[in-house]
Amino acid sequence: MNFETLCEKRRSVRAYAPTSVENEKIDYILRCTALAPSAVNRQPWRFHVVTDPERLSRLAEAYDRPWFATAPCVIAAVGLHEAAWHRPSDGKDHTDIDLAIATEHLCLAAAEQGLGTCWVCNFDAPLVTRLLGLAAGEEPVALIPIGYPTDQPAEKTRKAVEEIAVYD
């Protein structure tokens with residue numbers, strides 16, 4: 001499939017089959033994620049893969065939505081602020097930017113493997129920090145449920161290229 005088709009295929013899935021995701025697919029997705037670019041190649045990220053049912057149940061406490069608890073795997077995208085590049089002119093921390101690029105690589109690789117994902121950013125970050133045993137300077141930025149979708153989310157209307165691009 002070409003890249004545009006892959007981008008169209010990636011949707012925010014909110015219903016998962018109770019089928020485990022094969023380790024080979026998770027490994028492939030993580031290899032693709034590791035290829036993501038980052039500012040000055042700092043790669044200020046860590047991805048915690050959670051598949052144990054008890055740990056998934058505890059993690060679901062941080063985002064209390066019934067559909068979230070149906071995912072057989074959740075990958076927590078964690079930013080490492082001390083490892084990130086900071087722009088010299090104003091000190092801007094690029095952790096969130098770099099992590100967003102890597103996380104979208106993760107989501108696209110999952111879609112290519114026939115898996116669904118959803119970015120979840122509205123969660124109890126202190127609880128996730130405790131559950132994952134994160135150290136100071138490690139920030140849980142997104143939770144990505146991953147699994148086989150049980151439905152196909154409706155296509156959302158996207159702005160036309162003419163509305164988002166400016167040619168100078």
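Residues numbered from 1 in each chain as written. Predicted model: local features only at pLDDT ≥ 70, side-chain atom pairs only at ≥ 80, totals over all residues. Heavy atoms only, no water.

1. Points about the overall build of the protein chain
Here is the rule: Helix numbering and strand numbering both begin at the N terminus, where a helix is a DSSP run of H or I of at least 4 residues and a strand a DSSP run of E of at least 2. Any two residues whose heavy atoms approach within 4.5 Å are treated as being in contact. Here the Shrake-Rupley method, with its probe set to 1.4 Å, supplies the accessible areas, and only the displayed protein chains count as covering residues. When charges are counted, neither His nor the chain ends are considered; positive counts come from Lys and Arg and negative counts from Asp and Glu. Where a charge lies is defined by one atom per residue type, namely NZ (Lys), CZ (Arg), CG (Asp) and CD (Glu).
Within the protein chain, the secondary structure is distributed over six helices and four strands. In sequence order, the secondary structure elements of the protein chain are arranged as α-α-β-α-β-α-β-α-β-α. Oriented by its inertia axes, the alpha-carbon framework of the protein chain measures out at about 50 × 40 × 30 Å. Here the contacts in the protein chain between residues at least 6 apart in sequence split such that 77% fall between residues at least 24 apart. As displayed, the protein chain offers around 9700 Å² of accessible surface, 51% of which is attributable to carbon and sulfur atoms. Across the protein chain, the mean location of the 17 positive side-chain charges is 1 Å away from that of the 24 negative side-chain charges.

2. What to know about the packing of helix 2 (residues 23-34) against helix 4 (residues 95-112)
The condition is simple: Axis lines are fitted to C-alpha atoms, over the contacting stretch for helices. Their N-to-C directions set the angle, which ranges from 0 to 180 degrees. Working rule for handedness: look at the near helix, and if it is turned counterclockwise from the far one by less than a right angle, call the crossing left-handed; if clockwise, right-handed. In this classification, Asp, Glu, Lys and Arg are treated as charged, Ala, Val, Leu, Ile, Met, Phe, Trp, Tyr, Cys and Pro as nonpolar, and every other residue, Gly included, as polar.
Interaxial distance between helix 2 and helix 4 falls to 8 Å at its minimum, and their mutual angle equals 145°. Between helix 2 and helix 4 lies a crossing of right-handed hand. Only Ala102, His105, Leu106, Ala109, Ala110 and Glu112 of helix 4 make contact with helix 2, whose side of the interface consists of Tyr28, Ile29, Cys32 and Thr33. A per-class count over the contact of helix 2 with helix 4 returns seven nonpolar, two polar and one charged.

3. Some thoughts on the sheet that holds strand 4 (residues 138-147)
Filter applied, for reference: By definition, two strands form a pair when at least two bridges between them are found by DSSP.
Sheet architecture is open: four strands sit in the order 1-2-4-3, paired in antiparallel fashion. Where the open sheet ends on each side, the last strands, each with one partner, are strand 1 (45-50) and strand 3 (116-117). Relative to strand 2 (residues 73-80), strand 1 is paired through six bridges, and the arrangement is antiparallel. Bridge pairing in strand 2 links valine 50 to valine 74.

4. Let's talk about the pattern of salt bridges
To be explicit about the condition: We count a salt bridge whenever a side-chain nitrogen from Lys or Arg sits within 4 Å of a carboxyl oxygen from Asp or Glu.
The full count for this structure, using the stated rule, is three salt bridges. In this structure, the salt-bridge partner of aspartate 90 is arginine 87, at a minimum N-O distance of 2.9 Å.

5. Some points on the nonpolar core
A general trend in soluble globular proteins is that nonpolar side chains are found buried together. Threshold: Each nonpolar core is a collection of buried residues, namely Ala, Val, Leu, Ile, Met, Phe, Trp, Tyr and Cys, held together in the definition by side-chain atoms within 4.5 Å. To sort residues, take the accessible area from a 1.4 Å probe on protein chains only and compare it with the maximum for the residue type: under 20% means buried, over 50% means exposed, and anything in between is partly exposed.
If you look at the biggest cluster of nonpolar residues, it comprises 24 residues, and the most contacted ones within it are Trp67, Phe68, Val120, Val128, Leu132 and Leu143. Broken down by secondary-structure element, the contributors of at least two residues to this core are helix 3 (53-60), strand 2 and helix 5 (125-132). Among the nonpolar cores identified, the runner-up in size contains 23 residues, and Val21, Trp45, Leu106 and Ala142 belong to it.

6. Quick word on the packing of aromatic side chains
To describe a pair of aromatic rings, you give the distance between the ring centres and the angle between the ring planes. This is how the line gets drawn: The aromatic pairing rule takes the rings of Phe, Tyr and Trp, using the six-membered ring of Trp, and pairs them if the centres are within 6.5 Å, calling planes under 30 degrees apart stacked, those over 60 edge-to-face and the rest tilted. Look at NZ for Lys and CZ for Arg. If either is within 6 Å of the ring centre and within 35 degrees of the ring normal, a charge sits over the ring.
One pass over the structure, following the stated rule, counts four aromatic pairs. On the basis of an interplanar angle of 50° and a centroid distance of 6.4 Å, the ring pair of tryptophan 45 and phenylalanine 47 is categorised as tilted. Note on tryptophan 67 and phenylalanine 68: the rings are 6.0 Å apart at their centroids and 85° apart in plane angle, and the pair reads as edge-to-face. Of the two residues, tryptophan 67 and phenylalanine 68, neither departs from the other in class, the shared state being buried. Grouping aromatic residues by their ring pairs yields a cluster made of Tyr63, Trp67 and Phe68. Above the ring of tryptophan 67, the side-chain terminus of arginine 14 is found at 5.7 Å from the ring centroid.

7. With respect to the environment of proline 145
Structurally, proline 145 can be placed in strand 4. Residue classification places proline 145 among the buried residues on the basis of a relative accessible area of 0%. In this structure the C-alpha to C-alpha distance between proline 145 and tyrosine 63, which are 82 residues apart in sequence, comes to 11 Å. Residues in contact with proline 145, not counting those within four places in the same chain, are Tyr16, Trp67, Phe68, Ala71, Cys73, Val74, Gly116, Thr117, Cys118 and Val120.

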